[in-house]
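# Close look at the chain arrangement
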Amino acid sequence: MNENEYMLFDASRKYDDGKGGECELGYHLEHVVDAGGTPDCFDIVEATTAMQARTLARETGLHLYVVNSSLSRVVGEVNGPSLENNLKINREKSNDSFEP
């Protein structure tokens, strides 16, 4: 894998555990690293930084995990419902405490 590649994974699903079952993304990534094979990702993007990869993923509008391909490590999550709620809550808090 290229060090500038980031894999995008659908955050709303389970993944293949290599034994015909389902597992969380972290276990799936460990299995792929240990046993070889192809990660079951939604897409692969080229980016020079994790921040750029998250921006590209955010543009899809889908709830995705961003994984650094060379490290097989999650480096971000975008468009998640909890993330949107946190942003809304933070905006409301900052508006409540705003004093000109």
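Residues numbered from 1 in each chain as written. Predicted model: local features only at pLDDT ≥ 70, side-chain atom pairs only at ≥ 80, totals over all residues. Heavy atoms only, no water.

Here the focus is helix H1 (residues 25-35). Where H1 is concerned, the buried positions are Leu 25, His 28, Leu 29 and Val 32. Here the buried residues of H1 occupy an arc of 100° about the axis, which is enough to place them on one side. Seen from the buried face of H1, the exposed residues on the opposite side, beyond 90 degrees, are Asp 34 and Ala 35. Where the residues of H1 are buried, they touch strand E1 (5-10), strand E2 (15-16), strand E3 (22-23), strand E5 (64-68) and strand E6 (73-78). (Buried < 20%, exposed > 50% of the residue type's maximum accessible area, 1.4 Å probe, protein only. Helix = DSSP H or I, 4+ residues; strand = E, 2+ residues; numbered from the N terminus. Arc of directions from axis to C-beta. Contact = heavy atoms within 4.5 Å.)

All right, on to the pairing of E1 then. Taken across its six residues, E1 has five buried, putting it largely inside the fold. Bridging between E1 and strand E4 (residues 43-46) involves four bridges; their strand directions are antiparallel. Bridge assignment links Tyr 6 to a residue of E4, and that residue is Val 45. (Pairing = 2+ DSSP bridges.)

This part takes up the sheet that holds E5. The antiparallel open sheet is built from four strands, whose spatial order is E4-E1-E5-E6. Two strands lie at the open edges of the sheet, namely E4 and E6, each paired on one side alone. When strand polarity is set aside, the average angle formed by the axes of neighbouring strands in this sheet is 30°. Docked against the sheet, H1 engages E1, E5 and E6, running at close to 135° with respect to E1. Strands E1, E4, E5 and E6 of the sheet are contacted by helix H2 (residues 50-58), whose axis makes an angle of about 40° with E6. (Axes fitted to C-alpha atoms, helices over the stretch in contact; angles between N-to-C directions.)

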